[in-house]
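Observations on the model geometry
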Protein chains: 2
Amino acid sequence: MSDVLADSQPTDWRLVDPRDTLYLELPSGRVLIELAPGFAPRHVANIKALVEERYYDGLFVVRSQENYVVQWGDPAEDPAARRPIASAQASLPPEFYGPITKDLSVTLLPEGDVYAPNVGFSHSLPVALDPATDRLWLVHCYGMVGVGRDVAPDSGSGAEMYVVIGHAPRHLDRNVTLVGRVLQGMELLSTLPRGTGSLGFYEDPGEYVPIKSIRLGSDLPVEDRVALEVLRSDTPTFEALVASRRFRHESWFADPGGRVELCNVPLPVRQQPAEPSH
Amino acid sequence: MSDVLADSQPTDWRLVDPRDTLYLELPSGRVLIELAPGFAPRHVANIKALVEERYYDGLFVVRSQENYVVQWGDPAEDPAARRPIASAQASLPPEFYGPITKDLSVTLLPEGDVYAPNVGFSHSLPVALDPATDRLWLVHCYGMVGVGRDVAPDSGSGAEMYVVIGHAPRHLDRNVTLVGRVLQGMELLSTLPRGTGSLGFYEDPGEYVPIKSIRLGSDLPVEDRVALEVLRSDTPTFEALVASRRFRHESWFADPGGRVELCNVPLPVRQQPAEPSH
């Protein structure tokens, strides 16, 4: 894989738009999340509105469930006691899936999937497709970011968000709106102490992990931003990367395999090179 | 799933044999690992020999790689500088897979798998099968425990062991000998700070996490043992559990799904009830 990336061209990479990047500031450091407005436009717009009204600042990571998710929001159990939402929407129609559009480039994985008729990558994100129902959806792989909701499908707003920190919980696919993925700082979330309450919620408020702030990259002075690039999934380099994970030619492997599963394909991220590479 | 377990019968559960249970004592607490002598008899016997000679005591967790594995052993880079192995073997023929034996009960998953012709559960462990080559092997799901090795397939002994703490790294299947799985205390491993070196190795010896001791349950006074039971995978209750994960009937689910993947099936563990339940 490192050989594939070393051979990559500058055009294989896409600069992450600071207007679509969340900077989540925890006491332990910074987590960078790329939002996916192409897949969940209403929820992404609402999260940006929540960021703009500083909704998240001073709230908490309230849940850390082993082999599952970390989640943040307002810890108040009674919705009426939670921080009021000002300009943003308090609930939104779900964006669990969308139509399969012709102008959306999808790099399909030929080996298929247990859960969906077709899977692959679009805009450097894992996606699944069902041509029979004309549906396409983002997939719950490790590091994907979703919007918590109550029982009603339209009860999510982005005020509560979660990140997958375990084996891909694919049963959540098409049940919650995914809004992006973590590009940097996953380990700050995945190593948080697990909550001992039901579903991994922290039982003692003293365990809550404070959210200092969430900002968009575009709200920050340029010198405070991190210029990240993701490997484009619609490139021959990405196909070569998938192939390098399908057959393992490194000498350590006694059995090179021959197949690769959707959530086992890495989605490379790098710091933008200071000078264009050549 | 809780309904299925509440309806279970005492005979649905198997008491874990203390002679096959590792008690890994870390500064943060205890990790319990059930060994799988039915799948890797030589490696399990060697690990028991290593335990008996107190090989692991005072060694360290030396590696914690994000979305991958935690590993322990002797941190010395030069094999000649490592703690000498006394009575146990320093290398063993690999047990990457075995033959498909007729007297081995396997509960197959009808939805199949991306990596293997057939998958299912045997002795409450995830397994894969290839009838064409008459091979059966344990699968790298979250919490599975394996034996580190160098490039030579027979270079593993059990002196180094690792635990999967991320999305199932299935490319390791049939490349390393799996020897069991963690039954309790996974969170003590999965939340360890990640190493910043290559492959998640700790760069500073001050980061090593001490292993106070590893013992077999049968070596401990009865009052210090934890009597755990695992749900047998060859029972109608287990089939009902798989079905409950395949179709999600809870009211929260907008889409009940209809399929389940091998490593997403939980393998329930419980404290042995004080009185036989009825």
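Anyway, here's the lowdown on the structure attached to this text. (Residues numbered from 1 in each chain as written. Chains lettered and ligands numbered in written order. Predicted model: local features only at pLDDT ≥ 70, side-chain atom pairs only at ≥ 80, totals over all residues. Heavy atoms only, no water.)

With respect to the sheet that holds strand β15 (residues 228–231) of chain B
Residues and elements named next belong to chain B. Here is the rule we go by: For two strands to be treated as a pair, DSSP must find no fewer than two bridges joining them. Numbering of helices and strands starts at the N terminus; helices are DSSP runs of H or I of at least 4 residues and strands are runs of E of at least 2. Convention adopted: a line fitted to C-alpha atoms gives each axis, helices being fitted over their contacting stretch, and angles between N-to-C directions are expressed from 0 to 180 degrees.
Reading across the sheet, the 3 strands line up as β1-β15-β16 and stay open at both edges, with antiparallel pairing between neighbours. Single-partner strands in this sheet number two, and they are β1 (13–15) and β16 (269–271). Within the sheet, the average angular offset between the axes of one strand and its neighbour, ignoring direction, is 35°.

Quick notes on the state of the cysteines
Residues and elements named next belong to chain A. Quick reminder of the rule: Pairs of cysteine sulfur atoms within 2.5 Å are what we label disulfides. Think of it in three bands: residues with accessible area under 20% of the maximum for their type are buried, residues over 50% are exposed, and the middle band is partly exposed, with areas taken using a 1.4 Å probe on protein chains only.
Overall, the coordinates contain 2 disulfides over all chains when judged by the stated rule. For Cys141, the disulfide goes to Cys263, at an S-S distance of 2.0 Å. Disulfide Cys141 to Cys263: torsion about the S-S bond roughly -75°, handedness left-handed. With a gap of 122 residues between them, Cys141 in the loop between β9 (135–138) and β10 (144–147) and Cys263 in the loop between α4 (236–246) and β16 (269–271) connect regions that are remote in the sequence. The exposure class of Cys141 is buried, given its relative accessible area of 6%. When its relative accessible area of 9% is taken as the criterion, Cys263 is described as buried.

A look at the relation of the copies chain A and chain B
The criterion, for reference: Alignment of copies: least-squares fit on C-alpha atoms of residues with pLDDT of at least 70 in both copies. Any two residues whose heavy atoms approach within 4.5 Å are treated as being in contact.
Mapping chain A onto chain B leaves a residual RMSD of 0.0 Å; the transformation is a rotation of 180° accompanied by 0.0 Å of translation along its axis. As the rotation angle and translation indicate, the two copies are arranged about a two-fold axis. Interface overlap between copies is the fraction of interface residues in one copy that are interface residues in the other; for chain A against chain B it reaches 100%, indicating a shared surface.

A look at the side chain of Ser190 of chain A
Under the convention used in this document: Between N or O atoms, a polar contact is any pair within 3.5 Å; within protein, one atom must be a potential hydrogen donor and the other a potential acceptor, and residues adjacent in sequence are included only when both atoms are from side chains.
In this fold, Ser190 of chain A is placed in helix α3 (residues 186–190). At a separation of 3.2 Å, a polar atom in the side chain of Ser190 of chain A contacts the side chain of Arg194 of chain B. Ignoring anything within four residues of it in the chain, the contact list for Ser190 of chain A reads Tyr142 and Ile165 of chain A together with Glu66, Ser190, Thr191 and Arg194 of chain B.

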